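In case you want the letters, here they are:
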Amino acid sequence: MIKIVNTIKEMQSYSNSVHREGKTVGFVPTMGYLHEGHLSLVKASKSKSDITIVSIFVNPTQFGPNEDFNKYPRDFEKDKSLLEEEGVDIIFYPDNKEIYPEHFQTYVEVTEIQKKHEGEFRPTHFKGVATIVSILFNAVKPDFAFFGQKDAQQVSLLKQMIRDLKFEINIIVCPIIREESGLAKSSRNIYLSDEEKQKALLLYNSLNMAKQMIEQGERKSSNIIKKMNQNFLAEKKIHLNYIRIVEENTFQETEQLEKGKSYFILIACKIGTTRLIDNLLFSI
Ligand code: AMP
């Protein structure tokens, strides 16, 4: 039977006892409403760690004032049965008061990375992410933590945080899981109408078009981005936030792509009221 833990104290003492037995803890932080993307992280954790802990917490501090915190989809019973099927050991399922009690006032900021790209459109988002992940790390005390490449800038930010704050935790990044159509799986896809879902394919299709250009020898980011932008011009229902090509580790924008290096193409847009992100990692 899967065990549900609601308090930090119980979570910490469980993790301490696992470590005393010489076993490793793998951790998958989520906001619930689980799909195959999340479950791929769970599978990776199960194959690498003795004990797998999944947290479900819709973290208010990573949502902006006009974002979807209140309507973010939640279905704990379904999540629980999916995780039970995967053979997860523990669900850490705290409430808001457990994480952010009265007088809470300590936040974690990764000052440079948090400002770029997603940070331009969601200025307080990464402060909330860095803070909650730090709290969860201190509660769960994992050896390995599993994150999706879907949120590539988040991974880069958390790796920096781990280095700077000296957390003794290995981050493992898992590939993007997509629908058959190519649309990246996301809990937020439930907001999309069938028509919007169809339009959302433009994200993946334009990433693939960019990939082809690179395979055919294009090395200037501005040329690639210009072509991708053209795809979106005709599509009035998609409001593009940005397309950027950045160096894999620093997330710095790069004009001239160089041999031996890896880059992300990042894309973010709004379709109706739903914000979607996607990316492609490539090496030259
Ligand atoms: P969330 O519940 O949206 O906070 O996501 C929890 C974790 O699942 C994060 O590390 C995400 O990057 C990861 N994730 C979300 N969607 C996908 C996907 N389509 N493929 C792989 N990982 C994903």
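Below: a short report on this structure.

Rules used in this analysis
- Residues numbered from 1 in each chain as written.
- Predicted model: local features only at pLDDT ≥ 70, side-chain atom pairs only at ≥ 80, totals over all residues.
- Heavy atoms only, no water.
- Helix = DSSP H or I, 4+ residues; strand = E, 2+ residues; numbered from the N terminus.
- Rg over C-alpha atoms; globule rule 2.2 N^0.38 Å.
- Buried < 20%, exposed > 50% of the residue type's maximum accessible area, 1.4 Å probe, protein only.
- Contact = heavy atoms within 4.5 Å.
- Areas by Shrake-Rupley, 256 points an atom, 1.4 Å probe, with all protein chains shown as cover.
- Lys, Arg positive; Asp, Glu negative; His and termini not counted.
- Charge placed at Lys NZ, Arg CZ, Asp CG, Glu CD.
- Polar contact = N/O pair within 3.5 Å; in protein donor to acceptor, adjacent residues only side chain to side chain.
- Pairing = 2+ DSSP bridges.
- Axes fitted to C-alpha atoms, helices over the stretch in contact; angles between N-to-C directions.
- Near = heavy atom within 4 Å.
- Salt bridge = Lys/Arg side-chain N within 4 Å of Asp/Glu carboxyl O.

1. Points about the overall build of the chain
Along the chain, the regular secondary structure elements total nine helices and nine strands. In terms of overall size, the chain behaves like a compact globule, its C-alpha atoms giving a radius of gyration of 19 Å where 284 residues would be expected to give roughly 19 Å. When its C-alpha atoms are laid out on the principal axes, the chain stretches across 55 × 40 × 40 Å. Evaluated residue by residue, the chain yields a buried proportion of 53% over its 284 residues. Excluding contacts between residues fewer than 6 apart, the proportion of contacts in the chain whose partners are at least 24 apart in sequence is 72%. If you sum the accessible surface of the chain, you get close to 14,100 Å²; carbon and sulfur atoms cover 47% of it. A gap of 3 Å separates the mean positions of the 38 positive and 38 negative side-chain charges of the chain.

2. Observations concerning unusual backbone geometry
Even without being a glycine, Tyr33 presents a positive backbone phi close to 55°. You can see Tyr33 is positioned in the loop between strand 2 (25-30) and helix 2 (36-48).

3. Considering the side chain of Thr52
Tracing the backbone through its elements, the reader meets Thr52 in strand 3 (residues 51-56). Taking the relative accessible area as the measure of exposure, Thr52 reaches 1% and is therefore buried. At 2.8 Å, the side chain of Thr52 forms a polar contact with the side chain of Ser45. Excluding residues within four positions of it along the chain, Thr52 makes contact with Gly26, Ser45, Lys46, Val88, Asp89 and Ile90.

4. A few points about the sheet that holds strand 8 (residues 262-271)
The strand order across the open sheet formed by three strands is 7-8-9, and the pairing between neighbours is antiparallel. Of all the strands in the sheet, just strand 7 (238-247) and strand 9 (274-283) have a single pairing partner and so form its edges. Each adjacent strand pair in this sheet contributes to an overall mean axis angle of 15°, direction not counted. The sheet contact formed by strand 7 and strand 8 spans nine bridges and is antiparallel. Residue pairing in the sheet places Glu247 in a bridge with Tyr263 of strand 8.

5. Let's talk about the environment of Phe232
Along the chain, Phe232 falls in helix 9 (residues 221-233). Phe232 sits 26 residues away from Ser206 along the chain, and the two C-alpha atoms are 8.8 Å apart. Not counting chain neighbours up to four residues away, the residues in contact with Phe232 comprise Leu202, Leu203, Ser206, Ile238, Leu240, Ile243 and Ile267.

6. Description of the site of the ligand
By nearness alone, 17 residues border the ligand, and Met31, His38, Asp151, Ile177 and Lys185 come closest of all. Within the side chain of His38, an N or O atom sits 2.9 Å from an oxygen atom of the ligand. Here a nitrogen atom of the ligand sits 2.9 Å away from a polar atom, N or O, in the main chain of Lys185. Considered on its own, the ligand offers 490 Å² of accessible surface; in the complex 91% of this is hidden by protein.

7. A closer look at the pattern of salt bridges
As enumerated under the stated definition, the model contains 14 salt bridges in all. The salt bridge partner of Arg244 is Glu120, with a shortest N-O separation of 3.1 Å. Of this pair, Arg244 sits in strand 7 while Glu120 is found in helix 5 (residues 118-121), placing the two residues 124 residues apart along the sequence. One salt bridge in this structure joins Glu195 and Lys237, with 3.4 Å as the shortest N-O distance. Of this pair, Glu195 sits in helix 8 (residues 194-215) while Lys237 is found in the loop between helix 9 and strand 7, placing the two residues 42 residues apart along the sequence. Taking relative accessible area as the criterion, Lys237 reaches 48% and is therefore assigned partly exposed.

8. Thoughts on the sheet that holds strand 6 (residues 170-174)
Each strand in a sheet pairs with its neighbour through backbone hydrogen bonds, running either in the same direction (parallel) or in the opposite one (antiparallel). Taken together, six strands build an open sheet; the order of strands is 1-4-3-2-5-6 and the sheet is parallel. Single-partner strands in this sheet number two, and they are strand 1 (3-5) and strand 6. The mean inter-strand angle of the sheet, taken between neighbouring strand axes irrespective of direction, is 25°. Alignment of strand 5 (residues 144-148) against strand 6, held across five bridges, turns out to be parallel. Across the sheet, the residue bridging to Phe146 is Ile172, located in strand 6. Against the sheet, helix 3 (residues 76-86) contacts strand 1, strand 3 and strand 4 (90-92), and its axis sits at roughly 165° relative to strand 3.

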